[in-house]
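Residue-level listing of the chains:
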Amino acid sequence: AQKVTQAQTEISVVEKEDVTLDCVYETRDTTYYLFWYKQPPSGELVFLIRRNSFDEQNEISGRYSWNFQKSTSSFNFTITASQVVDSAVYFCALSEAHFNKFYFGSGTKLNVKP
Amino acid sequence: DVKVTQSSRYLVKRTGEKVFLECVQDMDHENMFWYRQDPGLGLRLIYFSYDVKMKEKGDIPEGYSVSREKKERFSLILESASTNQTSMYLCASSASGIGGTEAFFGQGTRLTVV
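Conventions we followed
Residues numbered from 1 in each chain as written. Chains lettered and ligands numbered in written order. Predicted model: local features only at pLDDT ≥ 70, side-chain atom pairs only at ≥ 80, totals over all residues. Heavy atoms only, no water. Core = buried A, V, L, I, M, F, W, Y, C linked by side-chain atoms within 4.5 Å. Buried < 20%, exposed > 50% of the residue type's maximum accessible area, 1.4 Å probe, protein only. Helix = DSSP H or I, 4+ residues; strand = E, 2+ residues; numbered from the N terminus. Contact = heavy atoms within 4.5 Å. Buried area = accessible area lost by both parts, 1.4 Å probe. Salt bridge = Lys/Arg side-chain N within 4 Å of Asp/Glu carboxyl O. Polar contact = N/O pair within 3.5 Å; in protein donor to acceptor, adjacent residues only side chain to side chain. Nonpolar A, V, L, I, M, F, W, Y, C, P; charged D, E, K, R; others polar. Pairing = 2+ DSSP bridges. Axes fitted to C-alpha atoms, helices over the stretch in contact; angles between N-to-C directions.

Caption draft 1: Quick peek at the nonpolar core. Core analysis: the biggest nonpolar cluster contains 24 residues, and Trp36, Phe75, Phe77, Tyr90 and Leu110 of chain A have the highest contact counts within it. Taken together, the elements giving at least two residues each to this core come down to strand E2 (10-14), strand E3 (19-21), strand E5 (32-39), strand E8 (64-69), strand E9 (74-79), strand E10 (88-96) and strand E12 (108-113) of chain A. Take this core: its biggest share by element is four residues, from E10 of chain A. Aside from chain neighbours lying at most four places away, what touches Phe75 of chain A is Cys23, Leu34, Phe35, Trp36, Ile49, Arg51, Trp66, Asn67, Phe68 and Cys92 of chain A. Listed in part, the 21 residues of the second largest apolar core include Trp34, Tyr47, Phe74 and Cys91 of chain B.

Okay, structure coming up:
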């Protein structure tokens, strides 16, 4: 069965600190996809990144970076020099290859204080 | 700009009422989903649909039904609302084909059953 675990329920940092959000997944599929979404206080989930299981290259987009390691079944998300606008709930998700059914983690609430 | 629109942001209903939550997408997506979001539990899939008039149960379908008469519209129905259905409900859509396409989410409906 598919499962996504985000062990960090809530994290608080001070602005400009770096912060890493952890995501561990379980699947028996060899082909799968991993996602990160951001949910700001307004409520709408915003897509951040997608990775397929064959692409273990790390990705950087501005202050955001993602580290995908199949050996540890992890897909961690790092925000460098955090800002107050980064305050949100972040969800990690996994989807199957044959159908776009998403399995979400429980989310990590990030509080960035000025 | 892609859009998933849920008919209400906030809804208050009485126990035993039949409740309709409406979702419309303008992206011509084949797949549509209803999730329920509760603190500490992440997003749990209630129902999904991969085509008009087609539907599949998700992880927590009890007490809910769905309707998809047109491609762009996916309705969630609470047959007889109960207080334990007080929650945030999120609608999403995604393109069909192989997995890996991201889901686009609506702004959510916060339902309170009293």
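There's plenty left to go through after this.
Caption draft 2: Quick look at the interface of chain A and chain B. The partner chain B presents 26 residues to the 22 residues of chain A that form the contact. Summed over both partners, the interface of chain A with chain B buries about 1,900 Å², with 56% contributed by carbon and sulfur atoms. Applying the counting criterion to the chain A and chain B interface returns one salt bridge. Taken together, the links from chain A to chain B amount to five residue pairs in polar contact (both at pLDDT 80 or more). At the level of secondary structure, the elements contributing two or more residues to the side of chain A that touches chain B comprise E5, strand E6 (46-52), E10 and strand E11 (102-104) of chain A. Taken together, the residues of the side of chain A that touches chain B break down into ten nonpolar, eight polar and four charged.

Caption draft 3: Here's a closer look at the sheet that holds strand E8 (residues 73-78) of chain B. All names here are of chain B. One open sheet accounts for four strands, arranged E1-E3-E8-E7; its pairing is antiparallel. Each end of this open sheet is capped by a strand with a single partner; those strands are strand E1 (4-6) and strand E7 (64-70). Recorded for the sheet is a direction-independent mean angle of 20 degrees between the axes of neighbouring strands. Bridge analysis of E1 against strand E3 (residues 19-25) gives three bridges, and the strand direction is antiparallel. Bridged to Val4 within E3 is Gln25.

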